[in-house]
Amino acid sequence: MTKIYHNPRCGTSRNTLAILQSAGEEIEVIEYLKTPPTREELVAMIKEAGETPRSAMRAKQKEAEDLGLRDGSVSDEVILDAMMQHPILINRPFVVTSKGTALCRPSEKVFTIMENPPASYTKEDGEVVTP
């Protein structure tokens, strides 16, 4: 089963979920702002996706600025602590499939970890993307 850590207010997250749905994937949708991953789950997803805590952080969020997380000297542990306290700092959407884990920005990055990606998908803005 595919898992998506989803924020329904995010267009990239909505497009990623729609791509998965269009392929008939069995999906567990986790609204991570309501049900955040555990620290262990988050660390594993970041590592499996080839990301770092810094690259998986939504640096544009006000909380990132308020907590001083944009400073390059801030450690991964401090960033992870902040993500656990403020899940909005977790970039989205993370998708976990049997083929791997990806931070799907842009949304079509999900094609790389899908068993049966659709031939194409039209995003909310009208852009057509293909695997």
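Relevant structure appears above.
Residues numbered from 1 in each chain as written. Predicted model: local features only at pLDDT ≥ 70, side-chain atom pairs only at ≥ 80, totals over all residues. Heavy atoms only, no water.

## Examining the sheet that holds strand E2 (residues 27-31)
Here is step 1 of the chain: Ordered in space as E2-E1-E3-E4, the four strands form an open sheet in which the pairing is mixed. Edge positions in the open sheet fall to E2 and strand E4 (100-103), since each of these has one partner strand only. Taken over all neighbouring pairs, the strand axes of this sheet differ in orientation by 15° on average, direction set aside.
Here is step 2 of the chain: Examined bridge by bridge, strand E1 (residues 2-6) and strand E3 (residues 94-97) share three bridges and lie antiparallel to one another. Bridge pairing in E3 links Ile4 to Val95. (Pairing = 2+ DSSP bridges. Helix = DSSP H or I, 4+ residues; strand = E, 2+ residues; numbered from the N terminus. Axes fitted to C-alpha atoms, helices over the stretch in contact; angles between N-to-C directions.)

## Comments concerning the pattern of salt bridges
Here is step 1 of the chain: For the coordinates displayed, the defined rule picks out nine salt bridges.
Here is step 2 of the chain: For Glu51, the salt bridge identified is with Lys109, shortest N-O distance 3.8 Å. With Glu51 in the loop between helix H2 (39-48) and helix H3 (62-66) and Lys109 in the loop between E4 and strand E5 (121-122), this pair connects stretches of sequence that are 58 residues apart.
Here is step 3 of the chain: Of the charged contacts in the structure, one is a salt bridge between Lys123 and Glu108, with a shortest N-O distance of 2.8 Å. You can see Lys123 sitting in the loop between E5 and strand E6 (128-129) and its partner Glu108 sitting in the loop between E4 and E5, a full 15 residues away along the chain.
Here is step 4 of the chain: Within this structure, Arg39, Glu77 and Asp81 form a network of salt bridges that share partners. (Salt bridge = Lys/Arg side-chain N within 4 Å of Asp/Glu carboxyl O.)

## Section: the side chain of Thr2
Here is step 1 of the chain: Structurally, Thr2 is set in strand E1.
Here is step 2 of the chain: Overall, Thr2 belongs to the buried group, its relative accessible area being 3%.
Here is step 3 of the chain: With near-sequence residues (within four places) excluded, Thr2 lies in contact with Leu20, Glu25, Glu26, Ile27, Glu28, Val95, Val96 and Thr97. (Buried < 20%, exposed > 50% of the residue type's maximum accessible area, 1.4 Å probe, protein only. Contact = heavy atoms within 4.5 Å.)

## Some details on the environment of Pro93
Here is step 1 of the chain: Position of Pro93 among the secondary structure elements: in the loop between helix H4 (76-85) and E3.
Here is step 2 of the chain: Separated by 63 residues in the primary sequence, Pro93 and Ile30 place their C-alpha atoms 9.9 Å from one another.
Here is step 3 of the chain: Setting aside its immediate chain neighbours within four residues, Pro93 contacts Ile4, Tyr5, Thr12, Ser13, Thr16, Ala102, Leu103, Cys104 and Arg105.

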